Amino acid sequence: MVSRIIPVDDFDLVIFGATGDLAHRKILPGLYRRFVAGQVPATAQIIGAARTKQDDEAFRAEARAAIQEFAGKGDDLSQLDDFLRHLAYVAIDARGSDGWDELKARIRPEGVHAFYFSVAPALFGDIAQRLASYGIADTNSRIVVEKPFGRDLATARALNQTLAQHFAENQIYRIDHYLGKETVQNLMAVRFANMLFEPLWNAQYVDHVQITVAETVGVGGRGEYYDHSGAMRDMVQNHMMQLLCLIAMEPPYHFDPDAVRDEKLKVIRALEPLEPGDIVRGQYQADGDEPGYLADAGNPQSRTESFVALKVRIANWRWSGTPFYLRTGKRLRARTSEIVVTFKAPPHSIFDESDGPRSNQLVIKLQPNEGMDLTVMIKEPGPGGMRLVQVPLDMSFADALGENGTDMPDAYERLIMDVIRGNQTLFMRGDEVEAAWAWTDPIIADWEAGSKRPEPYDPGSSGPDEALRLLHRDNRRWREIRP
Ligand code: NAP
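Residues numbered from 1 in each chain as written. Predicted model: local features only at pLDDT ≥ 70, side-chain atom pairs only at ≥ 80, totals over all residues. Heavy atoms only, no water.

The protein chain is annotated in an unreviewed UniProt entry as Glucose-6-phosphate 1-dehydrogenase from Paracoccus laeviglucosivorans. Under the Pathway (unreviewed entry) heading, UniProt states for the protein chain: "Carbohydrate degradation; pentose phosphate pathway; D-ribulose 5-phosphate from D-glucose 6-phosphate (oxidative stage): step 1/3." Turning to the protein chain, the UniProt annotation filed under Catalytic activity (unreviewed entry) states: "D-glucose 6-phosphate + NADP(+) = 6-phospho-D-glucono-1,5-lactone + NADPH + H(+)". (UniProt positions renumbered as here; feature names shortened; annotations may be inferred.)

Shown next as structure tokens:
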């Protein structure tokens, strides 16, 4: 099945931080892929901006090298020269006056104007203020801001207030790249465009939900930065919270940005405070020559978690009694992100199943390959009597929707095109971010006030044993972490 490409309106996209890692690895390769797909208008302009002094040609050479390095294996690089002609560069200091007049002169009066803040969050306010004071942005302009959006409620609120001085909420696109994944959007399609699941999507039929985001890498070179953050701030408050919302939310009245975000916000507000027994924190240990978390963080006394597992309850009619178990960590057995919805077992089995009737599971895989599996019971083939076997109904999108999945857009490219189209559905609203911090803050405050150290765990494992017990004590078990 070939997806339809709908070109977007002509645009000027300014990337602040165009010489940085994110621009090189994701934004520029993503834009190139949209160009190859035919979605970028012939006159669209992409202006890189950072302090490094260089001209358009030098930036194009930099972008060429980045795209060659970070484009996907199946990407066609034959149109690179044509793409690079869309690129320009302005040397600019977010905290000074250099470059702003030049940027203003480069932006065309017509078309969509979008400004991607791919810089440290400490610069967001400076850039927003200068875009306004130099008369570069107007009420139709859009800004894209990267994570982290604050480190607690107070800082997130302050950042929202700073941006609000210069931009209205409908101009602000807070990016969470998990929301740009094909499968995450498919989750909404599967739930709300089919009759099959929604009637069962509640505490009466769903036993529990697991959300796992596991990484094999440690904190490595980012140790010092990560040590001020930890798994809760880095993963749970944003990405995992967003996944939880999409699973748990009520059907919005329409697939409209604010209708969807209103429903997500209600889920966050319905989260119950966590009990201490519902939380397991961990730190990976050393493994031979590979340093452990404390060495990676450069802080032998660190109490920051590189792993966290939580049992979360949602206090509303739909989910009362159905726990959501969340876990995320570094240096685990495999790199995988998935959501598992485990339905209740049939109330009675007419078959002679030695271990009783088994539950159906809907497994929504986000990483490394996207897709969904629904496990169902069938009769084992052959003449050996009525024996049952559990098999997956595979709904891999790569097979169904594209040749080897290569034409499936990466989250960033999809989200950037949504910015140009002016569609905020897959971006976090300011009140959502604040509500997520309001729930997270007391949990982190408790850890910081206490003296308990995170549990050590072996690299390559599934995390601390305590995390396994979190489910065992409820007579449940985690789905194995596997690629
Ligand atoms: P980075 O590699 O450190 O790049 C920072 C960029 O900001 C560089 O282009 C730098 O260029 C520019 N910059 C720094 N100070 C500036 C100033 N005063 N005025 C103008 N430009 C300035 O950082 P990054 O990894 O790309 O991350 C960018 C943002 O994305 C951060 O908010 C980060 O948290 C977020 N993010 C990154 C990733 C990732 O995978 N990298 C993932 C998720 C979120 P000059 O030195 O030339 O000025």
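This is not the end of the story, as more comes after the structure.
In spatial order, the strands read 3-2-1-4-5-6; together these six strands make up an open sheet with parallel pairing. Where the open sheet ends on each side, the last strands, each with one partner, are strand 3 (87-91) and strand 6 (172-174). Each strand of the sheet is rotated relative to its neighbour by a mean of 20 degrees, with strand direction disregarded. Sitting on the sheet, helix 2 (residues 56-70) touches strand 2 (45-50) and strand 3, and the angle it makes with strand 3 is about 115 degrees. (Pairing = 2+ DSSP bridges. Helix = DSSP H or I, 4+ residues; strand = E, 2+ residues; numbered from the N terminus. Axes fitted to C-alpha atoms, helices over the stretch in contact; angles between N-to-C directions. Contact = heavy atoms within 4.5 Å.)

What follows deals with the UniProt feature "binding site: substrate" (unreviewed entry) in the protein chain. Here, the residues flagged by UniProt with the feature "binding site: substrate" (unreviewed entry) are His177, Lys181, Glu215, Asp234 and Lys330. One can find Lys181 in the loop between strand 6 and helix 7 (182-192). In this structure Lys181 comes out as buried when scored by relative accessible area, which is 11%. Excluding anything up to four places from it in sequence, Lys181 contacts Leu366, Gln367, Glu370 and Ala411. Its place among the elements puts Lys330 in the loop between strand 10 (324-329) and strand 11 (336-343). By relative accessible area, which is 5% here, Lys330 ends up buried. Among all residues touching Lys330, those that are not within four sequence positions of it are Glu215, Val217, Gly218, Val219, Arg222, Tyr226, Asp234, Tyr284, Ser306 and Tyr457. (Buried < 20%, exposed > 50% of the residue type's maximum accessible area, 1.4 Å probe, protein only.)

Our next topic: the pairing of strand 12 (residues 361-367). Strand 12 sits mainly inside the fold: five of its seven residues count as buried. With six bridges connecting them, strand 11 and strand 12 associate as antiparallel partners. Note that in strand 12 the partner of Ser337 across the bridge is Gln367. Summarising the sheet, strand 12 and strand 13 (residues 371-379) pair through five bridges and their orientation is antiparallel. Counted as the bridge partner of Ile364 is Met372 from strand 13.

In this model helix 14 (residues 430-449) runs 28 Å from its N-terminal to its C-terminal C-alpha over 20 residues, within 8% of the 28 Å that 1.5 Å per residue would give. Helix geometry: helix 14 is bent most strongly at Thr440, by close to 30 degrees, with proline Pro442 lying one to four residues after it. Every buried residue of helix 14 is listed here: Gly430, Glu432, Val433, Glu434, Ala435, Ala436, Trp437, Trp439, Thr440, Ile443, Ile444 and Trp447. The inward-facing, buried residues of helix 14 contact helix 6 (153-164), strand 6, helix 9 (230-248), helix 10 (257-269), strand 8 (279-284) and strand 9 (307-312). (Expected span 1.5 Å × (residues − 1). Bend = angle between axes of the 7 residues up to and from the residue.)

This part takes up the pairing of strand 4 (residues 112-117). Where burial is concerned, most of strand 4 is hidden: six out of the six residues are buried. Both strand 1 (residues 11-16) and strand 4 contribute to a ladder of six bridges, which runs parallel. Note that in strand 4 the partner of Asp12 across the bridge is His113. Each parallel crossover has a hand, and for strand 4 linked through helix 5 (residues 124-133) to strand 5 (residues 142-145) it is right-handed. (Right-handed = clockwise from strand over helix to strand, strands pointing away.)

Moving on to the UniProt feature "domain: Glucose-6-phosphate dehydrogenase NAD-binding" (unreviewed entry) in the protein chain. What UniProt calls "domain: Glucose-6-phosphate dehydrogenase NAD-binding" (unreviewed entry) maps, in this numbering, to residues 14-186. This span, residues 14-186, is 40% helix and 16% strand, and a straight line between its end C-alpha atoms measures 30 Å.

Moving on to the sheet that holds strand 9. What holds strands together in a sheet is hydrogen bonding between their backbones, with the strands either parallel or antiparallel. The strand order 14-13-12-11-7-10-9-8-15 describes an open sheet built from nine strands, whose pairing is mixed. Since the sheet does not close on itself, it has two edges, and those belong to strand 14 (388-396) and strand 15 (455-457), each with one partner. Going from strand to strand, the sheet's axes swing by 20 degrees on average, the running direction of each strand aside. Direction of pairing for strand 7 (residues 206-214) relative to strand 11: antiparallel, over a ladder of eight bridges. Bridge pairing links Val206 to Phe343 in strand 11. With respect to the sheet, helix 9 is in contact with strand 7, strand 9, strand 10, strand 11 and strand 12, its orientation differing from that of strand 10 by roughly 145 degrees.

Our focus in this paragraph is unusual backbone geometry. At the junction of Lys147 and Pro148, the peptide bond is cis and its omega measures out at 0 degrees in the coordinates. By the element assignment, Pro148 lies in the loop between strand 5 and helix 6. With omega at 0 degrees, the peptide bond leading from Gln367 into Pro368 counts as cis. If you trace the backbone, Pro368 turns up in the loop between strand 12 and strand 13. Notably, Arg331 is not glycine yet its phi reads approximately 55 degrees, a positive angle. Note that Arg331 resides in the loop between strand 10 and strand 11. Residue class for Arg331 comes out buried when judged on its relative accessible area of 13%. In this model, Asn475 sits at a positive phi of 60 degrees, which is unusual for a non-glycine residue.

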